[in-house]
Amino acid sequence: MSTPHSQQTHPELILGLDDRPPPLLGMLAALQHLLAIIVPIVTPGLLICQALGVSSRDTNLIVSMSLVVSGIATFVQCRRFGPFGAGLLIVQGTSFNFVGPLIAGGALMVKQGTPVEAVMAAIFGVVVAGSFIEMGVSRVLPFVKRLITPLVTGIVVLMIGLTLIKVGLISMGGGYAAMAGGSFANGENLLLSGVVLAIIVILNRVPVVWMRSAAIVIALGVGYALAGWMGRLDFSGMHEAPLFQVPTPLHFGLGFSWSLFIPMIVIYLVTSLEAIGDVTATSKVSRQPVEGPLWMARIKGGVLVNGANSLLAGMFNTFPSSIFAQNNGVIQLTGIASRHVGMWIALFLVILGLFPAVAGVIQAVPEPVLGGAAMVMFGAVAAAGINILASVTLDRRALLVIAVSLALGLGVSQVPEFLAHMPGAVRNVLESGVATGGLCALLLNWFLPEPAAAKEAR
């Protein structure tokens, strides 16, 4: 009998990758994954729609399709069809990486007088166009990995997290609507967001594992109940929603905007590289190879579905998706790595998405409640960037790349007027802090010579 420490270091799997669990066990394992992913899947859509002033009915459609498209991607990742999918217990959902640039670019278009429907059409056109970048990357992964090193990836992920924190803080105060109405960061909004944030922090320190894994869901449930007691729940989205949501392609049509597209190029590249890490982590916890031809085939299939599903997302009126890292923790917690559990997760996600009342209930959450949870999730994105950078040898060259990239990226996002006199094409490229910081990191990493010792180590 092994000690608790050895179990933690080398946990035994109850069900391996191709083992088929009994239906009840499969459903229970799937529900644990669902608790870990449901909030991160719907939050990006809600935040973008609230920031851009999308109608309740259209927000409901977008959130519903987030669930459906995430379910389809999860099914393909687990089942694997030819070159599509990793063939592992992988959950895919709406990505936070794109939230900041889409809100910033979309809000600017709304401010310039573009109708919201046209802004959404441009966003979904850009999502479709960008998906081909990621599908292309899946075919040339070795070259892209040499070009975009962990130093570049860490800087971009850190920049995404740092720029998202502003979005989270605005949500905690009540959102753009509260700013316009004069109730921003009033006592009620701060109470709702503060309670949710505090509960997440407290539950993450509780020694009961299932409470830690469900901390965000529990905190949102408490925030939801508190908002109901305060009379702050708005069910208009649920009342306007049909009983059954028939997926409607191109509900907003397709448009395009270069100012939205340029930042997305960098983020699609980084999301592809994140997927490599996530697939490798899932392979490791599933007792599968993490090198060799099978591993490379899984990575290529995983990144290909990342891109293909973003194409599907744009066509069906929702936002790009990516592989989630949360499910690796659930696999370790349950000891179940069976990809057949992914079929149950996919089924639950599609069912939840096809019945819009579910999205309507979620949509009723006041923005401060959502903001309290979003701040933790956005902070976690920044922390993931720091974690990537911690694996890099921080010599003088690396520190210079980090310093210049963060300074320019954060500087442009905080003082966009700096770009006022630049040509329109250049301004469109640089007005996203993530794009500025990411391009700067890419170019500096490419052109600054590496020390001889670092080259030898590689």
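Residues numbered from 1 in each chain as written. Predicted model: local features only at pLDDT ≥ 70, side-chain atom pairs only at ≥ 80, totals over all residues. Heavy atoms only, no water.

Per an unreviewed UniProt entry, the protein chain goes by Xanthine permease and derives from Massilia timonae CCUG 45783. Turning to the protein chain, the UniProt record has this under Sequence similarities (unreviewed entry): "Belongs to the nucleobase:cation symporter-2 (NCS2) (TC 2.A.40) family." (UniProt positions renumbered as here; feature names shortened; annotations may be inferred.)

### Observations regarding the overall build of the protein chain
Each helix and strand counted, the protein chain has 22 helices and 2 strands in total. Taking the principal axes of the C-alpha coordinates as reference, the protein chain spans close to 60 × 55 × 40 Å. Here the analysis covers contacts within the protein chain between residues at least 6 apart in sequence; of these, 84% occur between residues at least 24 apart. Computed over 22 positive and 18 negative side-chain charges, the inter-centroid distance for the protein chain is 8 Å. (Helix = DSSP H or I, 4+ residues; strand = E, 2+ residues; numbered from the N terminus. Contact = heavy atoms within 4.5 Å. Lys, Arg positive; Asp, Glu negative; His and termini not counted. Charge placed at Lys NZ, Arg CZ, Asp CG, Glu CD.)

### What to know about helix α18 (residues 367–390)
Along its 24 residues, α18 runs 34 Å from first to last C-alpha, staying within 8% of the 34 Å computed at 1.5 Å per residue. The sharpest bend along α18 measures roughly 25° and falls at A373. (Expected span 1.5 Å × (residues − 1). Bend = angle between axes of the 7 residues up to and from the residue.)

### Regarding a nonpolar patch on the surface
There is a patch of nonpolar side chains on the surface, built from L243, F244, V246, L347, I351 and F355 and spanning about 590 Å² of accessible area. The residue I351 is located in helix α16 (residues 340–354) in this model. (Patch = residues over 30% accessible without salt bridge, like charges linked within 9 Å, V, L, I, M, F, W, Y side chains within 5 Å. Areas by Shrake-Rupley, 256 points an atom, 1.4 Å probe, with all protein chains shown as cover. Salt bridge = Lys/Arg side-chain N within 4 Å of Asp/Glu carboxyl O.)

### Examining the packing of aromatic side chains
A full pass over the atoms with the stated rule returns 10 aromatic pairs. Note on F124 and F319: the rings are 5.5 Å apart at their centroids and 35° apart in plane angle, and the pair reads as tilted. Of this pair, F124 sits in helix α5 (residues 116–139) while F319 is found in the loop between α14 (293–315) and β2 (321–323), placing the two residues 195 residues apart along the sequence. Side by side, F124 and F319 carry an identical accessibility label, which is buried. Here the aromatic residues F124, F252 and F319 are joined through ring pairs into a cluster of three or more. (Phe/Tyr/Trp six-rings, centres within 6.5 Å; stacked < 30°, edge-to-face > 60°. Buried < 20%, exposed > 50% of the residue type's maximum accessible area, 1.4 Å probe, protein only.)

### Here's the deal with the packing of helix α2 (residues 23–52) against helix α4 (residues 99–111)
Here α2 crosses α4 at 20°, and the two axes come no closer than 9 Å. Relative to α4, the element α2 is oriented roughly parallel. With respect to the hand of their crossing, α2 and α4 are arranged in right-handed fashion. Here α2 contributes P44, L47, I48, A51 and L52 to the contact with α4, which in turn contributes V99, L102, I103, G106, A107 and V110. When its residues are assigned to classes, the contact of α2 with α4 shows 10 nonpolar, 1 polar and no charged. (Axes fitted to C-alpha atoms, helices over the stretch in contact; angles between N-to-C directions. Parallel < 35°, antiparallel > 145°, perpendicular 65-115°, else oblique. Left-handed = near helix turned anticlockwise from the far one by under 90°. Nonpolar A, V, L, I, M, F, W, Y, C, P; charged D, E, K, R; others polar.)

### Examining the pattern of salt bridges
Inspection of every chain in the model, using the stated rule, returns 2 salt bridges. Close ionic contact of D18 with R339 constitutes a salt bridge, the shortest N to O distance being 2.8 Å. With D18 in the loop between α1 (4–9) and α2 and R339 in the loop between α15 (326–334) and α16, this residue pair connects regions lying 321 residues apart in the sequence.

### What about helix α11 (residues 215–229)?
A rise of 1.5 Å per residue sets the reference length of α11, with its 15 residues, at 21 Å; its end C-alpha atoms lie 21 Å apart and thus fit the reference within 8%. All of the buried residues in α11 are A215, A219, L220, G223, Y224, L226 and A227. One side of α11 carries all its buried residues, which in axial view fall inside an arc of 165°. Exposed and oriented more than 90 degrees from the buried face of α11 are A225 and W229. (Arc of directions from axis to C-beta.)

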